[in-house]
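The lines below spell out each chain.
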Amino acid sequence: MKYTDESLNNKKILITGGAGFIGSNLAMYFQKFHPNAEVIVFDSFRSEKTFSNGNFKSLGHFKNLLDFNGEVIVGDITNKDDLARIDKIKFDYIFHEAAISDTTVIDQDAILRANVNAYKDLLEMSLRHGAKMIYASSAGTYGNTQAPNIVGQGEIPENVYGFSKLCMDKLTYKFLKENPEHIVGLRYFNVYGENELYKGKTASMILQLGIQALKNKKVRLFKMGEQKRDFVYVQDVVMANIKAISGKSGVYNVGSGESRSFNDIVKCLQNEFGEFEVEYFDNPYKFFQNHTHADIEPTKEALGYNPRYKLEDGIKEYAKSIKEIADKGEF
Ligand SMILES: NC(=O)c1ccc[n+]([C@@H]2O[C@H](COP(=O)([O-])OP(=O)(O)OC[C@H]3O[C@@H](n4cnc5c(N)ncnc54)[C@H](O)[C@@H]3O)[C@@H](O)[C@H]2O)c1
């Protein structure tokens, strides 16, 4: 069925990871623009458990859902009993955002269980329900191969997180052979925007640098700040998910389509918050992606995706929230 504003009326939508950064933005989008759709958030929420890198094992937070009126189910996608609970509900669409999203986690077993095994279970569930599966993949699948990043080329992840997302994409292609209308994978690039506060140290560089600038009048960057990334505003990522509802099955890049440097972020933040100092230091991460740039032509063609935010526009819109976070001393 072709997607129209009305076609989501009375549809049941599952958002796994809906208490996280991107999932909660998606949940609130549906609530605002599709009030007659029934949205159910499934998330393990933040517990006090941490990985060996000191970061929380799951980053969902109830405060991302304070204004959400739909049903919230707490559960773990790696737990069969928890999955059985949502399997009883018949969904029309599954937006699968739940994952270990922290790219610095080195526990391979934990990442692959949460990101790959659980995806397969959810894919099988989506088939039972006749639900379309729209899931989060990542630019991490490209590792440090040459930009521009093109789906199907240069997919050599540098860390187990990127590997897990590539496994999800390969599983997708396998399932699509039998179910050609069924799945859209979205390889998000570097996403930034509202509701990422609870990602802590794994939040975007835009939030981290913005807070440093406001708090210390100085930011710290890896030498010499000219590494380039494709930064994409969360509202464009939400839109890609919406477009995927009626879009053609497959795996697609979701970026701004532009590659911008960390020094560019500094300039944008200085436009919003005034001048501040920049200190450069050595990058400790061997697997750091030095240049990403999403080829979004196939995404435009197959999904009708058209990003609306350049880095300047996204940071301008986000600046107010960054300032509020800094003022409250929350970060
Ligand atoms: N933010 C980015 O820049 C970016 C880039 C590429 C891909 N992604 C992917 O997009 C998706 C959403 O990312 P995000 O930035 O919103 O991260 P996030 O960590 O804020 O959201 C993930 C959510 O999944 C939940 N979760 C984790 N493990 C779970 C489990 N076992 N069972 C149930 N829930 C669980 C967390 O509590 C959290 O709410 C993830 O799949 C991530 O890998 C994000």
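Residues numbered from 1 in each chain as written. Predicted model: local features only at pLDDT ≥ 70, side-chain atom pairs only at ≥ 80, totals over all residues. Heavy atoms only, no water.

**Here's the deal with the overall build of the protein**
Within the protein, the secondary structure is distributed over nine helices and 13 strands. For the protein, whose C-alpha radius of gyration is 19 Å, the value lies close to the compact-globule estimate of 20 Å for 331 residues. Counting only C-alpha atoms and orienting by the principal axes, one finds that the protein spans roughly 55 × 40 × 40 Å. Each of the 331 residues in the protein was classed as buried or not, and the buried ones make up 54%. For the protein, the share of sequence-separated contacts (at least 6 apart) that also reach a separation of at least 24 residues comes to 82%. When the accessible area of the protein is evaluated, it comes to approximately 15000 Å², of which 48% is carbon and sulfur surface. If the 42 positive side-chain charges of the protein are averaged to one point and the 44 negative ones to another, these points end up 2 Å apart. (Helix = DSSP H or I, 4+ residues; strand = E, 2+ residues; numbered from the N terminus. Rg over C-alpha atoms; globule rule 2.2 N^0.38 Å. Buried < 20%, exposed > 50% of the residue type's maximum accessible area, 1.4 Å probe, protein only. Contact = heavy atoms within 4.5 Å. Areas by Shrake-Rupley, 256 points an atom, 1.4 Å probe, with all protein chains shown as cover. Lys, Arg positive; Asp, Glu negative; His and termini not counted. Charge placed at Lys NZ, Arg CZ, Asp CG, Glu CD.)

**A closer look at helix 1 (residues 21-33)**
Its 13 residues place the ends of helix 1 19 Å apart at the C-alpha level, agreeing with the 18 Å of an ideal helix rising 1.5 Å per residue. Turning to helix 1, its buried residues are Phe21, Ile22, Gly23, Ser24, Asn25, Leu26, Ala27, Tyr29 and Phe30. Residues of helix 1 that are buried make contact with strand 1 (12-16), strand 2 (38-43), strand 4 (93-96), strand 6 (183-188), strand 7 (190-192) and helix 6 (234-244). (Expected span 1.5 Å × (residues − 1).)

**Re the side chain of Lys132**
Within the element layout of this structure, Lys132 appears in strand 5 (residues 132-138). For the buried Lys132, no salt bridge is present, and the opposite-charge side chain at shortest range is Glu181, 6.6 Å distant. A polar side-chain atom of Lys132 sits 2.9 Å from the main-chain carbonyl oxygen of Ala244. Here the side chain of Lys132 touches Ile245 through a polar contact of 3.1 Å, landing on its backbone oxygen. Each residue touching Lys132, except ones within four places of it in the same chain, is listed here: Asp92, Tyr93, Ile94, Glu181, His182, Val184, Ala244, Ile245, Ser246 and Gly247. (Salt bridge = Lys/Arg side-chain N within 4 Å of Asp/Glu carboxyl O. Polar contact = N/O pair within 3.5 Å; in protein donor to acceptor, adjacent residues only side chain to side chain.)

Note that every value here comes from positions in space, so none of it alone points to a role or purpose.
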